[in-house]
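The primary structure of each chain is shown beneath.
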Amino acid sequence: MERSPARKFRDRLVYRALRTVRPVAARIPLTTGQRLGAVLGSLANAVLIRERNKARAHVRVAFPDLSDDERNAIVLGMFRHLGSSLFEICWIPRLDARKLAETTDFAGVENLRAAVEAGKGVVLFTGHCGNWEWLGASIALAGFDINTIAREITDSNLNDFIVETRSAHGIGTIGRGSAASAKAILQTLRSGTILAMLIDQNIDAENVEVPFFGIPALTPVGPARLAIRSGAAAIAAFIERRGDRQFVRFEPPVFTKKGDDPAELTRVMTEAIEQQVRRRPEQWVWMHKRWRPRNGGA
């Protein structure tokens, strides 16, 4: 699908920022970079007026009872979080088992292990919560094999940058809708490798309407269909920033079987994502038009 000029510009801008930051990230401590990134995020909040206004409008939809000051604080926190995350993505190649222990806490690892040991494959559901790239690297460094399904980013340079960053920790990237994706997905599940997907955005795909903050939202149903058809375990996983540290959590798995309703599984996983967004609203990407209609829908 052809991307809008604004989306293309944003992808180019992000790529240039990442390329600029990466040499710096190799030379300064993680905590220093996180704080510098937060300052950059504050600047973005002041300068990127259109994106700021979109985010404020969406926060108002999700949290109608909050005051304007409270909603504005969430949006500012989001920009600061994204600024820190930008630095962290550049720093991730330096992440190893020792630095993981120094920076990242885990909860519910036994849930992920149970899903893997069931032996029927694992489909991991998450959203654009926290630093999701750090989540993937953390899972890999914790000793689990993981691949991710993702759409190809409009800017090929940015796409290659992200794919290379993941591959540094052995994470494979399967392009959504690519000619070889079906075979790669099947091989991933059969080999016992975790297949990770983000399902919290309204994208051009097969969707179902499920509640998100009490409002029907079009949500990709393909991941749930895949889990059910293959009999894989479905599990929700999240990451959040807590000060200078990261916190990774795995929910109890859902063991699927043929005949299960993919719309219901999508609803369950979306509810888990909503609860995470409610826990850390400043760590979700509020610029995204989550509730927009498609094909003339209401």
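Residues numbered from 1 in each chain as written. Predicted model: local features only at pLDDT ≥ 70, side-chain atom pairs only at ≥ 80, totals over all residues. Heavy atoms only, no water.

### Some remarks on the side chain of N202
Position of N202 relative to the elements: it lies in the loop between β5 (194-198) and β6 (207-212). Classification of N202 as buried rests on a relative accessible area of 1%. (Helix = DSSP H or I, 4+ residues; strand = E, 2+ residues; numbered from the N terminus. Buried < 20%, exposed > 50% of the residue type's maximum accessible area, 1.4 Å probe, protein only.)

### As for helix α2 (residues 30-47)
Taking 1.5 Å of rise per residue, 18 residues should cover 26 Å, and α2 covers 25 Å from first to last C-alpha, within 8% of that figure. Within α2, the full set of buried residues consists of L30, G33, Q34, G37, A38, G41, A44 and N45. Across the axial projection of α2, the buried residues extend over an arc of 145°, all falling on one side. In α2, those exposed residues whose orientation departs by more than 90 degrees from the buried face are R35, V39, L43 and V47. Of the surrounding elements, those touching the buried residues of α2 are α3 (49-62), α4 (68-91), α5 (97-103), α7 (132-141), β8 (233-242) and β9 (245-250). (Expected span 1.5 Å × (residues − 1). Arc of directions from axis to C-beta. Contact = heavy atoms within 4.5 Å.)

### Some details on the packing of aromatic side chains
Under the criterion given, the structure shown has eight aromatic pairs. On the basis of an interplanar angle of 75° and a centroid distance of 5.3 Å, the ring pair of F63 and F213 is categorised as edge-to-face. Here F63, found in the loop between α3 and α4, pairs with F213, found in the loop between β6 and β7 (215-220); they are 150 residues apart in sequence, far enough to count as distant. With respect to burial, F63 and F213 carry one shared label: buried. An aromatic cluster is defined as three or more aromatic residues linked by ring pairs; in this entry it consists of F63, F212, F213, W284, W286 and W291. The positively charged end of R242 is found above the aromatic ring belonging to F247, 3.8 Å away from the centroid. Its end group placed over the ring of F212, R290 keeps NZ or CZ at 5.2 Å from the ring centre. (Phe/Tyr/Trp six-rings, centres within 6.5 Å; stacked < 30°, edge-to-face > 60°. Lys NZ or Arg CZ within 6 Å of the ring centre and 35° of its normal.)

### Some remarks on the nonpolar core
Counting 39 residues, the largest nonpolar core has F212, F213, V277 and W286 as the members making the most contacts within it. Counting only elements with at least two residues in this core, the list comes to α3, α4, β2 (122-126), α9 (181-190), β5, α10 (222-230), β8 and α11 (262-279). For F212, the contacting residues outside a window of four places in its chain are A217, T270, I273, E274, V277, W284, R290 and W291. Ranked by size, the runner-up nonpolar core spans 38 residues in total, among them F87, A196, A233 and A237. (Core = buried A, V, L, I, M, F, W, Y, C linked by side-chain atoms within 4.5 Å.)

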